[in-house]
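Examining the three-dimensional arrangement
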Amino acid sequence: MSAAPSSPMPAAGPLAGLRVLEIGHFVAAPFCTRLLADLGADVVKVEPLGGDPVRQWGEQRDGHSPWWSMHARNKRCIALDLKNPRAVALVLDLVKDMDALVENFRPGQLDRFGLSEAALHAARPDLAIARISGFGQDGPYRDRASFGVIGEAMGGLRHLTNHPPEETDLPPSRVGISIGDSIAGLYGAFGLLATLWQRDRAGGTKQAYTLDVALTEAMLSMMEGTLPEYGVFGTIRQPQGSRIQTAAPTNAYPTRDGQWLLVAANSDPLFRRLARVLGRPELADDPRFAGNPARLANVGELDALIAAWTRAHDAAEADAILQAADIPSTLCFTAADIAADPQYRARGMVREVEDPLLGPVLQAGIVPHVPEDPGAVRWAGPSIGAHTDEVLAQAGLSPETIAELRAEGTIR
Ligand SMILES: CC(C)(COP(=O)(O)OP(=O)(O)OC[C@H]1O[C@@H](n2cnc3c(N)ncnc32)[C@H](O)[C@@H]1OP(=O)(O)O)[C@@H](O)C(=O)NCCC(=O)NCCSC(=O)C(=O)O
């Protein structure tokens, strides 16, 4: 087999030409490969015949979800029953032309399918394999099932996503998105490109790299001073609500019209400007508030002064005053605010993608923006098995064989 992929639009972006097989589900691995596909990689996603569970997530129209439209964009979706050895043989054949494989099953699951590292590397000796799992490919927790929720909690994030204990007895909040999965996916994409760089330097080696990303560890690596501060001082970082533990003032302040305004004036020049906006320029030199350590020590008093000012204004008005004074501030954007925002529109970060299943779908653009070769949203998340025939034909299968595999329930 060989042949360059034929896709509805030619690949664009700095990763054009990179070929990646995804055997993933839910968020972590699929998010990793979405990032790669956004920058031009040819991602072939293998799904079970019933499809990835995320297809059922979120609001649906006629059985299609806008979430999927973005989650699986730019990917070629093929559906294979990996419990059938013929499908496993197909994967091993596809792998011969792949640079990388990304998966997020429980450690050992791919081996049970017959897709062990040895089998994959026998098919493609320099295949980079990125594995995302709950706890990693070894260690005492290796076999435990996991989701991002668990990674967020054991990584230390969930202890902090709350208000201080003296202010609430509510349970810690989820940040509102699958942050643990997406962070793990980002590390997967980052690590994959690092290993491919190694593979390709000095004309390429036949070194086979594998990458082992744990949801827990991906979160832990984001936890700033939490662990070092415990190690040195025995201090356990505690929830701060919408404050920041290390800088002040930065918080969400209530407004007259019942909204929350985020204000971040946590440097000396910014605070001096804020003090002027509050009509209290002397506060900048007040020993209670001069310098970040003093402001942190008296943060309750300081926040009360700022809240007294914000409460006297409607949110949009206060926001405008603060921006005119060059102080970072914003309202909390909803989807509607994001969709209407001129900065996002100007940079293509909010764009309309034509989805044959749903019509026009608003999607977030591509991050990072690479002006010289920005990638593209070439197509929206496809239906189950939309590219099975195309991909298998490229792999050299005849229409008759494809029809036979479909008839026996090996592919969809
Ligand atoms: C997510 C999981 C907890 C799901 O666990 P389980 O529901 O127990 O299922 P498994 O993943 O172990 O396996 C799913 C079953 O589907 C089968 N399966 C999967 N794909 C196929 C295909 N293509 N063909 C045939 N069968 C398939 C597989 O053999 C299993 O069948 P049987 O063998 O017959 O059972 C686990 O995969 C896991 O811990 N993954 C690593 C951590 C991770 O990435 N979590 C999700 C991140 S995203 C996230 O957290 C989020 O979105 O939120």
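Values in this document were obtained by computation on a predicted structure and should not be read as measured data.

What about the confidence of the model for the chain?
Reading predicted coordinates in detail is not appropriate for stretches of low pLDDT. Summing up the model confidence of the chain, the mean pLDDT is 96 and the portion of residues at 70 or higher is 97%. Across residues 1-6, where pLDDT falls below 50, the model places 16 contacts with residues more than four positions away in sequence or in other chains.

Brief notes about the sheet that holds strand S8 (residues 260-264)
In spatial order, the strands read S7-S8-S9; together these 3 strands make up an open sheet with antiparallel pairing. In this open sheet, the two edge strands, each paired with only one partner strand, are strand S7 (250-254) and strand S9 (329-331). Each neighbouring strand pair of the sheet contributes to a mean axis angle of 25 degrees, computed without reference to strand direction. Of the strand pairs in this sheet, S8 and S9 are connected by 3 bridges, and their pairing is antiparallel. In the sheet register, Leu261 faces S9, and the bridge partner there is Leu331.

What about the packing of aromatic side chains?
Within this structure, the stated rule accounts for 6 aromatic pairs. Seen in terms of ring centroids, Phe26 and Phe147 are 5.0 Å apart; in terms of plane orientation they differ by 90 degrees. Their pairing is edge-to-face. Of the two residues, Phe26 sits in the loop between strand S1 (19-23) and helix H1 (28-38) while Phe147 sits in the loop between strand S5 (128-133) and helix H6 (148-155), which places them 121 residues apart along the sequence. Classification of Phe147 as partly exposed rests on a relative accessible area of 45%. Seen in terms of ring centroids, Phe105 and Phe113 are 6.2 Å apart; in terms of plane orientation they differ by 85 degrees. Their pairing is edge-to-face. Each member of the pair, Phe105 as well as Phe113, carries the same accessibility label: buried. The residue whose ring lies beneath Arg144 is Tyr141, and the NZ or CZ to ring-centre distance is 4.6 Å.

Some details on the sheet that holds strand S2 (residues 42-47)
Judged by pairing direction, the sheet is parallel, and its 6 strands sit side by side in the order S3-S2-S1-S4-S5-S6 without closing on themselves. In this open sheet, the two strands that pair with only one neighbour each are strand S3 (75-79) and strand S6 (210-214). Strand-to-strand twist across the sheet, computed as the mean angle between neighbouring axes with direction ignored, equals 20 degrees. The pairing of S1 with S2 spans 4 bridges and is classified as parallel. Looking across to S2, one finds that Glu22 is bridged to Lys45. Along the sheet, helix H3 (residues 85-95) contacts S1, S3 and strand S4 (100-103); its crossing angle with S1, the most-contacted strand, is approximately 155 degrees. Across the face of the sheet, helix H7 (residues 179-200) comes into contact with S4, S5 and S6 while running at roughly 160 degrees to S6.

Quick word on the pairing of S1
Consecutive side chains of a regular strand alternate in pointing toward one face of the sheet and then the other. Counted residue by residue, S1 has 5 buried out of 5 residues, so it is predominantly covered. Of the two faces of S1, the one carrying Arg19, Leu21 and Ile23 and the one carrying Val20 and Glu22 are both buried. For the crossover that starts at S1, traverses H1 and ends in the parallel S2, the hand is right-handed. Where S1 meets S4, 4 bridges bridge the pair, whose relative direction is parallel. Paired with Val20 across the strands is Ala100, a residue of S4.

As for the site of the ligand
Within the structure, the ligand sits among 23 residues, and Leu82, Lys83, Arg106, Gly148 and Asp181 are positioned closest to it. The backbone of Ser146 places a nitrogen or oxygen atom 2.9 Å from a nitrogen atom of the ligand. Its free accessible area being 1,000 Å², the ligand has 75% of it covered by the protein chains. Here the residues of the shell around the ligand sort into 11 nonpolar, 7 polar and 5 charged.

What about the nonpolar core?
Among the nonpolar cores identified, the biggest contains 36 residues, and Val20, Leu36, Ala41, Val102, Ile132 and Leu192 are the most heavily contacted of them. If you list the elements that add at least two residues to this core, you get H1, S4, S5, H7, S6 and helix H8 (215-220). Broken down by element, this core gets its largest block of residues, 7 residues, from H1. What Val20 contacts, discounting residues up to four positions off in sequence, is Thr33, Leu36, Ala41, Asp42, Val43, Val44, Met98, Ala100 and Val102.

What about the layout of surface pockets?
The space that makes up the largest pocket amounts to roughly 1,100 Å³. Taken together, 28 residues line the largest pocket, and the ones lying closest to its centre are Arg34, Trp67, Met70, Ile177 and Ala364. Of all the elements in the fold, those that place two or more residues in the lining of the largest pocket are H1, helix H2 (66-71), H7, helix H14 (335-340) and strand S11 (359-364). For the lining of the largest pocket, the class distribution of residues is 21 nonpolar, 5 polar and 2 charged.

Rules behind the numbers
Residues numbered from 1 in each chain as written. Predicted model: local features only at pLDDT ≥ 70, side-chain atom pairs only at ≥ 80, totals over all residues. Heavy atoms only, no water. pLDDT = per-residue confidence, 0-100. Contact = heavy atoms within 4.5 Å. Pairing = 2+ DSSP bridges. Helix = DSSP H or I, 4+ residues; strand = E, 2+ residues; numbered from the N terminus. Axes fitted to C-alpha atoms, helices over the stretch in contact; angles between N-to-C directions. Phe/Tyr/Trp six-rings, centres within 6.5 Å; stacked < 30°, edge-to-face > 60°. Buried < 20%, exposed > 50% of the residue type's maximum accessible area, 1.4 Å probe, protein only. Lys NZ or Arg CZ within 6 Å of the ring centre and 35° of its normal. Right-handed = clockwise from strand over helix to strand, strands pointing away. Near = heavy atom within 4 Å. Polar contact = N/O pair within 3.5 Å; in protein donor to acceptor, adjacent residues only side chain to side chain. Areas by Shrake-Rupley, 256 points an atom, 1.4 Å probe, with all protein chains shown as cover. Nonpolar A, V, L, I, M, F, W, Y, C, P; charged D, E, K, R; others polar. Core = buried A, V, L, I, M, F, W, Y, C linked by side-chain atoms within 4.5 Å. 1 Å grid on protein atoms, 1.4 Å probe; cavity = no way out; pocket = protein on both sides within 12 Å on 5 of 7 lines; lining within 4 Å. Points joined across faces, edges and corners; volume = space filled by probe spheres on them.

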